[in-house]
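Chains, contacts and geometry: an overview
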Amino acid sequence: FNISVPAGSNRVIELRNTSSSYIGVEAVALLGALPYLQTGSYQESNSNFIYSGNWVGFTGAGPQGGAFKYSNDPNAKMIFGVDNTVGRITFYRTTHNIYGSTQIYLDGALTPVATMNNTSSGLLFGVPFTVTIPSGNHTVELRNVGTNYSSVDRIDLLASSAALPAGTYQETDTNLIYNGVWTDNSAVGPLGGTRKFTNDPNASVTFSVGSTVERVT
C-alpha cells in the first residue's frame, strides 16, 4: 500500500487499527519523489511502477517480455510518472472473459481520461490500448474496476504523434495509433506486402493529418 507525502518539511505518520481485528506491519519503505519516465518501453516489473493492493505475477509464454501482473482486488492500483517527452502511452494487457475494466487517471483527477474494457471472451495477451496526454510532467494511475481482473503487461511511452503531410504510409507507421485486437499479415497482394486486420468490434486506428491533406484514400 502506497501513500504520497507532501514535500518540504518533516512529517509524523501514524498507523491506527480501527477495530478489534488484527492488522500487521512487516516493513516500511521510505522513498524519494516519484520519478518521471522518458519515452521508452517498460515491463510491468519496472521499479518505478508503484503497485497498491493485491497483484499476482505470472511468468510464461504469451505476455510481452514473458511476464505480466494481474489483480481482481477492487482497490488495486498502479502509479507511475511520465515527463514532457511523452505524448502517448500504449498499455499492453491481457483480455479474457474473467477480465473487466481498468480506468486510467491523470494527475489525481476525479474522473478517468479513458477506460480499458475487456474486448474478448478468449485469452489474448498483449492487446494494446493507447491514450494521448497533454504536454508536461504527469502522474498516471491505473485502477481496477470491481472484482473482475485487470492486468499490467508492457507499457510503451511514446512521443506525440505527428500530423502527417501528403504521402503514402504503411500500416506499420508509428504515427498510426491502434486500439483493440489487430492481427499482422504478410502476403502477396497488400500494398507493401503487409497489412493489419481485425474483427474486434471495439478496434480502431487513429491518425492526424496536416494542412496539405485534402483527401484520404
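Everything discussed here concerns the structure shown above.
Residues numbered from 1 in each chain as written. Predicted model: local features only at pLDDT ≥ 70, side-chain atom pairs only at ≥ 80, totals over all residues. Heavy atoms only, no water.

**Section: the overall build of the protein**
Check the secondary structure of the protein and you find zero helices and 19 strands. Structurally, the protein occupies a C-alpha span of about 70 × 40 × 30 Å along its principal axes. Scored against the burial criterion, the 217 residues of the protein give a buried share of 32%. Put simply, the protein shows about 13,400 Å² of open surface, and 51% of that area lies on carbon and sulfur atoms. Considering the protein, the positive charge centre built from 11 side chains and the negative charge centre built from 14 side chains are found 3 Å apart. (Helix = DSSP H or I, 4+ residues; strand = E, 2+ residues; numbered from the N terminus. Buried < 20%, exposed > 50% of the residue type's maximum accessible area, 1.4 Å probe, protein only. Areas by Shrake-Rupley, 256 points an atom, 1.4 Å probe, with all protein chains shown as cover. Lys, Arg positive; Asp, Glu negative; His and termini not counted. Charge placed at Lys NZ, Arg CZ, Asp CG, Glu CD.)

**Regarding the sheet that holds strand S12 (residues 150–152)**
The strand order across the open sheet built from three strands is S4-S5-S12, with neighbouring strands paired in antiparallel fashion. Because the sheet does not close on itself, it has two edges, and the strands there are strand S4 (56–59) and S12. Strand-to-strand, the axes of this sheet are offset by a mean angle of 30°, without reference to chain direction. (Pairing = 2+ DSSP bridges. Axes fitted to C-alpha atoms, helices over the stretch in contact; angles between N-to-C directions.)

**Side note on the nonpolar core**
If you look at the biggest cluster of nonpolar residues, it comprises 24 residues, and the most contacted ones within it are Phe80, Ile89, Phe91, Ile104, Ile155 and Leu157. Sorting elements by how many residues they give to this core places strand S6 (residues 77–82) first, with three residues. (Core = buried A, V, L, I, M, F, W, Y, C linked by side-chain atoms within 4.5 Å.)

**Concerning a nonpolar patch on the surface**
Judged by side-chain polarity, Phe1, Ile3, Val5, Ile13, Leu15, Val25, Val28 and Leu30 come together as a nonpolar surface patch covering roughly 990 Å² of accessible area. Position of isoleucine 3 among the secondary structure elements: in the segment before strand S1 (36–37). In this structure isoleucine 3 comes out as exposed when scored by relative accessible area, which is 57%. (Patch = residues over 30% accessible without salt bridge, like charges linked within 9 Å, V, L, I, M, F, W, Y side chains within 5 Å. Salt bridge = Lys/Arg side-chain N within 4 Å of Asp/Glu carboxyl O.)

**Topic: the pattern of salt bridges**
Taken as a whole and assessed by the stated rule, the structure comprises five salt bridges. A salt bridge links glutamate 14 to arginine 16; its shortest N-O distance comes to 2.8 Å. For the pair glutamate 14 and arginine 16, a shared accessibility class is recorded, and that class is exposed. For aspartate 156, the salt bridge identified is with arginine 154, shortest N-O distance 2.9 Å. Overall, aspartate 156 belongs to the buried group, its relative accessible area being 8%. Connected via shared salt-bridge partners are Lys77, Glu141 and Arg143.

**A closer look at the packing of aromatic side chains**
Counted according to the given criterion, the structure contains 11 aromatic pairs. Between the aromatic rings of phenylalanine 80 and phenylalanine 91, the centroid separation amounts to 6.4 Å while the plane-to-plane angle is 65°, which identifies the pairing as edge-to-face. Taken together, the positions of phenylalanine 80 in strand S6 and phenylalanine 91 in strand S7 (residues 88–95) put the pair 11 residues apart, joining distant regions of the chain. Site record: aromatic cluster; members linked through ring pairs are Phe58, Phe68, Tyr70, Tyr99, Phe125 and Tyr149. The ring of tyrosine 51 carries the charged tip of lysine 69 above its face, separated from the ring centre by 5.3 Å. (Phe/Tyr/Trp six-rings, centres within 6.5 Å; stacked < 30°, edge-to-face > 60°. Lys NZ or Arg CZ within 6 Å of the ring centre and 35° of its normal.)

**Some points on the environment of glutamate 44**
Along the chain, glutamate 44 turns up in the loop between strand S2 (40–42) and strand S3 (50–52). Not counting chain neighbours up to four residues away, the residues in contact with glutamate 44 comprise Phe49, Tyr51, Ala67, Phe68, Lys69, Val152 and Asp153. (Contact = heavy atoms within 4.5 Å.)

**Focus: the side chain of aspartate 200**
Structurally, aspartate 200 is set in the loop between strand S17 (194–197) and strand S18 (204–206). No salt bridge is formed by the buried aspartate 200, whose closest oppositely charged neighbour, arginine 93, lies at an N-O distance of 6.5 Å. A polar side-chain atom of aspartate 200 sits 3.0 Å from the main-chain amide nitrogen of valine 181. In contact with aspartate 200, not counting residues within four places along its chain, are Thr119, Gly180 and Val181. (Polar contact = N/O pair within 3.5 Å; in protein donor to acceptor, adjacent residues only side chain to side chain.)

**Describing the pairing of strand S5 (residues 67–71)**
Working note: regular strand, side chains alternate between the two faces of the sheet. Pairing geometry for S4 and S5, over four bridges, is antiparallel. Of the residues in S5, the one forming a bridge with glycine 57 is lysine 69. Of the pairings in the sheet, the one linking S5 to S12 comprises three bridges and is antiparallel in character. Among the inter-strand pairings, lysine 69 is bridged to a residue of S12, identified as valine 152.

All quantities given are derived from atomic positions and should not be read as evidence of function.
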